[in-house]
Amino acid sequence: KHQVTSVLNLQEYVLVCFEETPENPYRFMVFDANGKQVYTSADVIDSASISESGLLVYRLAGTTQLVKVQLQ
């Protein structure tokens, strides 16, 4: 139901970013190779990467702050 703004294929994951709307509590979601949702966030991001070990690292938009999350 929400407008997708970008889709990134990162390692064995897909990161989907969404347009910011009052009805949408999330700005991005990460799905594994089986299509299972493994992470969601309301953070607005400028960039993201996922290592081979499943470490998601993203930068909050307009800042130098990095967020690191180990995906399962």
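Residues numbered from 1 in each chain as written. Predicted model: local features only at pLDDT ≥ 70, side-chain atom pairs only at ≥ 80, totals over all residues. Heavy atoms only, no water.

*Asks:* Sorry, what's going on with the packing of aromatic side chains here?
*Replies:* The geometry of an aromatic ring pair comes down to the distance between the two centres and the angle between the two planes. Using the criterion set out here, one finds 3 aromatic pairs in the structure. Arranged with centres 5.9 Å apart and planes meeting at 45 degrees, the rings of Phe28 and Tyr39 form a pair that is tilted. With Phe28 in strand 3 (residues 28–31) and Tyr39 in strand 4 (residues 37–41), this pair connects stretches of sequence that are 11 residues apart. The two residues Phe28 and Tyr39 agree in class, both being buried. Judged by centre distance (4.9 Å) and plane angle (80 degrees), the ring pair of Phe28 and Tyr58 falls under edge-to-face. A residue pair is termed long-range when its members are at least 10 positions apart, and Phe28 in strand 3 and Tyr58 in strand 6 (residues 55–60) qualify at 30 residues. A residue is classified by how much of its surface remains accessible, and Tyr58, at 1% relative accessible area, is buried. (Phe/Tyr/Trp six-rings, centres within 6.5 Å; stacked < 30°, edge-to-face > 60°. Helix = DSSP H or I, 4+ residues; strand = E, 2+ residues; numbered from the N terminus. Buried < 20%, exposed > 50% of the residue type's maximum accessible area, 1.4 Å probe, protein only.)

*Asks:* What is the right way to look at the pairing of strand 5 (residues 45–50) in this model?
*Replies:* Taken residue by residue, a regular strand's side chains alternate between the two faces of the sheet. Bridge analysis of strand 5 against strand 6 gives 5 bridges, and the strand direction is antiparallel. By the bridge assignment for strand 6, Ser47 is matched with Arg59. (Pairing = 2+ DSSP bridges.)

*Asks:* How do you make sense of the pairing of strand 7 (residues 66–70) when you look at a structure like this?
*Replies:* Burial along strand 7 is one-sided: Val67 and Val69 are buried, and none of Leu66, Lys68 and Gln70, which face the opposite way, are. As judged from the 5 bridges shared by strand 6 and strand 7, these two strands associate in the antiparallel manner. When the bridges of strand 7 are listed, Tyr58 appears paired with Val67. Following strand 6, the chain reverses through 5 residues before pairing antiparallel with strand 7; Gly62 in that reversal takes a positive phi of roughly 75 degrees.

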